[in-house]
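Okay, here's what each chain looks like letter by letter:
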Amino acid sequence: MAKTKILFITHEMSPFLEISKISEITRQLPQAMQEKGFEIRILMPRFGNINERRNRLHEVIRLSGMNIVVDNNDNPLIIKVASLPAARMQVYFLDNEEYFQRKKVFRDESGKFFDDNNERSLFFGKGVLETVKKLGWSPDVVHCHGWFSAMVPLYLKKVYHEDPTFKDAKVFYSLYKEDFGADTLSAKYSEMPTQEDVHAEDTAVYGSGSYVDLYKGALTYTDVAVINDSDINTDVLQFIEEQKIRVFTPNGDDDYESFSTLYEEFAPEEVEA
C-alpha cells in the first residue's frame with residue numbers, strides 16, 4: 001500500500017520559532033513520520049522574528065508571485081524555504097510585508113493583541129492551500145496545529161472540496177491549551193471569508209472569534225480531532241462529543257507508532273497497472 005502524504009500546517013516550529021509545545025511537536029512528529037516512509041510537507045508563516053540568515057531561508061521564485069485576497073484586498077504572497085539537514089526536511093514559509101514583517105508575533109510591544117490577527121490568519125490559511133496547489137502535490141491528510149490555522153478546515157471542506165489537489169484529503173486538527181484570554185479575532189473573522197469564498201451560514205460557527213469559538217469552527221470541518229494537551233477547554237471537549245467528532249489521543253507527544261497507524265488508515269489505494 002502507498003504511504004499517506006501528510007501536509008503539516010503550523011504557526012510555529014522549532015528551531016525557527018518557539019512559543020509553545022506546538023513548536024516541538026511540529027518539529028519531531030513530521031520527522032518521525034518521514035522516517036517511517038510517509039511523504040510530508042510543512043508550511044508556516046515567516047514571522048519577522050525568524051532570522052532568515054541564521055536559518056538560511058531563501059525565496060522560491062516559482063512559488064512566489066501569487067496574490068491572496070483578504071477582506072477584498074489583494075495581498076502579495078512570497079514563499080521561502082529552509083532545510084533541516086539533520087532531518088532531511090524542508091519547511092516552506094509564507095511571507096508578506098504587511099502581515100508578517102514585524103518583530104512581534106501576535107502581540108505588540110505593550111502586549112496588545114494585534115488588531116489584524118484575523119486578517120493575518122486568513123491570509124495564512126488561504127496562502128497555504130494555494131501554495132500546495134502550486135507545488136502540484138496532493139495530500140491525503142492535512143494536519144493543522146494551533147488556532148492560527150483555524151479557518152483551514154472550512155476552506156478545505158467548502159472552497160477546495162472539488163479541487164483535485166484536496167478533494168480526497170482528510171482534515172486533522174490538533175488541540176492545545178492555547179487560550180488567549182479575553183482577546184478575540186472579533187466577529188469579523190467569520191465575516192471576511194464570506195465576501196468571496198463561502199456562505200455566511202458556513203462561517204457562523206466561528207462566532208465571536210474567541211479561542212473557544214475558533215476551535216469549534218475548525219472542529220466543525222474536521223475529520224479527526226487530536227488531543228495534544230491534557231487540559232483542553234471543557235466547552236471544546238463537550239462540542240466534540242456533541243458533534244460526534246472522531247478523537248485521537250496519543251499516549252504522549254512522542255507516541256509515533258500510534259500516529260503512524262492512524263495516518264496509515266488514510267493511505268491512497270494503489271491503482272493496478
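The structure contained in this document is the topic of the report that follows. (Residues numbered from 1 in each chain as written. Predicted model: local features only at pLDDT ≥ 70, side-chain atom pairs only at ≥ 80, totals over all residues. Heavy atoms only, no water.)

**Things to note about the overall build of the protein chain**
Quick note on the threshold: Only DSSP runs of H or I with at least four residues qualify as helices, and only runs of E with at least two residues qualify as strands; both kinds are numbered from the N terminus onward. Atoms counted for the radius of gyration: C-alpha only. Globule rule: 2.2 Å times residue count to the power 0.38. Only protein chains enter the accessibility calculation, which uses a 1.4 Å probe; a residue whose area is less than 20% of its type maximum is buried, one above 50% is exposed, and one in between is partly exposed. Two residues form a contact once any of their heavy atoms are found within 4.5 Å. Working convention for charge: Lys and Arg count positive, Asp and Glu count negative, and His plus the chain ends are omitted. A charge is said to be at NZ when it belongs to Lys, at CZ for Arg, at CG for Asp and at CD for Glu.
Of regular secondary structure, the protein chain possesses 10 helices and 10 strands. Against the globule reference of 19 Å for 273 residues, the protein chain gives a C-alpha radius of gyration of 18 Å, in line with a compact fold. Taking the principal axes of the C-alpha coordinates as reference, the protein chain spans close to 50 × 45 × 35 Å. Here the protein chain holds 273 residues, and 56% of them are scored as buried. Pairs at least 24 apart in sequence give 69% of the contacts found in the protein chain among residues at least 6 apart. Charged side chains of the protein chain number 31 positive and 46 negative; the gap between the two group centres comes to 5 Å.

**Thoughts on the side chain of asparagine 117**
You can see asparagine 117 is positioned in helix H4 (residues 117–135). Asparagine 117 has contacts with Val105, Phe106, Trp147, Phe148 and Leu185, leaving out every residue within four places of it along the chain.

**Considering helix H10 (residues 256–264)**
Here is the rule: Note that the arc is defined by the directions from the helix axis to the C-beta atoms.
Taken together, the buried positions of H10 are occupied by Phe259, Ser260, Leu262 and Tyr263. Buried residues of H10, viewed axially, fall in a sector of 165 degrees; they line one side.

**Some points on the pattern of salt bridges**
This is how it is decided: When a carboxyl oxygen of Asp or Glu is within 4 Å of a side-chain nitrogen of Lys or Arg, the pair counts as a salt bridge.
Applying the stated rule across the entire model yields 19 salt bridges. Taking the shortest distance from any N to any O, the salt bridge between aspartate 202 and lysine 158 comes out at 3.8 Å. Highlighted residues: aspartate 202 in helix H7 (residues 200–203) and lysine 158 in helix H5 (residues 152–159), separated in sequence by 44 residues. Given the relative accessible area of 13%, aspartate 202 is considered buried. Between arginine 246 and glutamate 265 there is a salt bridge, with the nearest N and O atoms lying 2.8 Å from each other. Taken together, the residues arginine 246 in strand E10 (residues 246–248) and glutamate 265 in the segment after H10 connect sequence positions 19 residues apart. Residue class for glutamate 265 comes out partly exposed when judged on its relative accessible area of 46%. One salt-bridge network, in which partners are shared between bridges, spans Arg46, Glu52, Lys80 and Asp95.

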